Amino acid sequence: MTQQTEFYIITSDHGHNGMGASDPVYTLDDATDALGEAERLTGRDARAIYVDLFAGTVRNVTKECLDVIAARREAAQ
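Residues numbered from 1 in each chain as written. Predicted model: local features only at pLDDT ≥ 70, side-chain atom pairs only at ≥ 80, totals over all residues. Heavy atoms only, no water.

**Let's talk about the overall build of the chain**
- The helix and strand inventory of the chain stands at two helices and four strands.
- Counted from the first residue to the last, the chain has its helices and strands arranged as β-β-α-β-β-α.
- Accessible surface for the chain amounts to roughly 5300 Å². Of this, 52% is attributable to carbon and sulfur atoms. (Helix = DSSP H or I, 4+ residues; strand = E, 2+ residues; numbered from the N terminus. Areas by Shrake-Rupley, 256 points an atom, 1.4 Å probe, with all protein chains shown as cover.)

The structure is reproduced here in structure tokens:
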């Protein structure tokens, strides 16, 4: 069954044209983890994109993911 909403991580150094997208994940927490991992592996900024297939909309959620990362770091201290 296809999910109605998906998150993708977009990086700047994958694929033949220099751009790449991750496999879809389905929660903001998973997108946050994938964003952190992509940035760690590539050493470059990545973007988290939210896709609502039902509504046909796309939204950049990178800031929301970075806010989750910051909250996790603060909680860990």
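**Points about the pairing of strand β4 (residues 57-60)**
- Taken together, the four bridges between strand β3 (residues 47-52) and β4 define a ladder with antiparallel strand orientation. Paired with Y50 across the strands is R59, a residue of β4.
- From the end of β3 to the start of β4, which pair antiparallel, there are four residues, and G56 there has a positive phi angle of about 75°. (Pairing = 2+ DSSP bridges.)

**Side note on the sheet that holds strand β2 (residues 20-21)**
- Read from one edge of the open sheet, four strands run β2-β1-β3-β4, paired in antiparallel fashion. Every interior strand has two partners, whereas the edge strands, β2 and β4, have only one.
- Bridge count between strand β1 (residues 5-11) and β2: two bridges; the pairing is antiparallel. In the sheet register, I10 faces β2, and the bridge partner there is A21.
- Across the face of the sheet, helix α1 (residues 28-42) comes into contact with β1 and β3 while running at roughly 10° to β1. (Contact = heavy atoms within 4.5 Å. Axes fitted to C-alpha atoms, helices over the stretch in contact; angles between N-to-C directions.)

**Here we look at the pairing of β3**
- In terms of burial, β3 is largely enclosed, as five of its six residues are buried.
- Here β1 pairs with β3 via six bridges, running antiparallel. Bridged to I9 within β3 is A48. (Buried < 20%, exposed > 50% of the residue type's maximum accessible area, 1.4 Å probe, protein only.)

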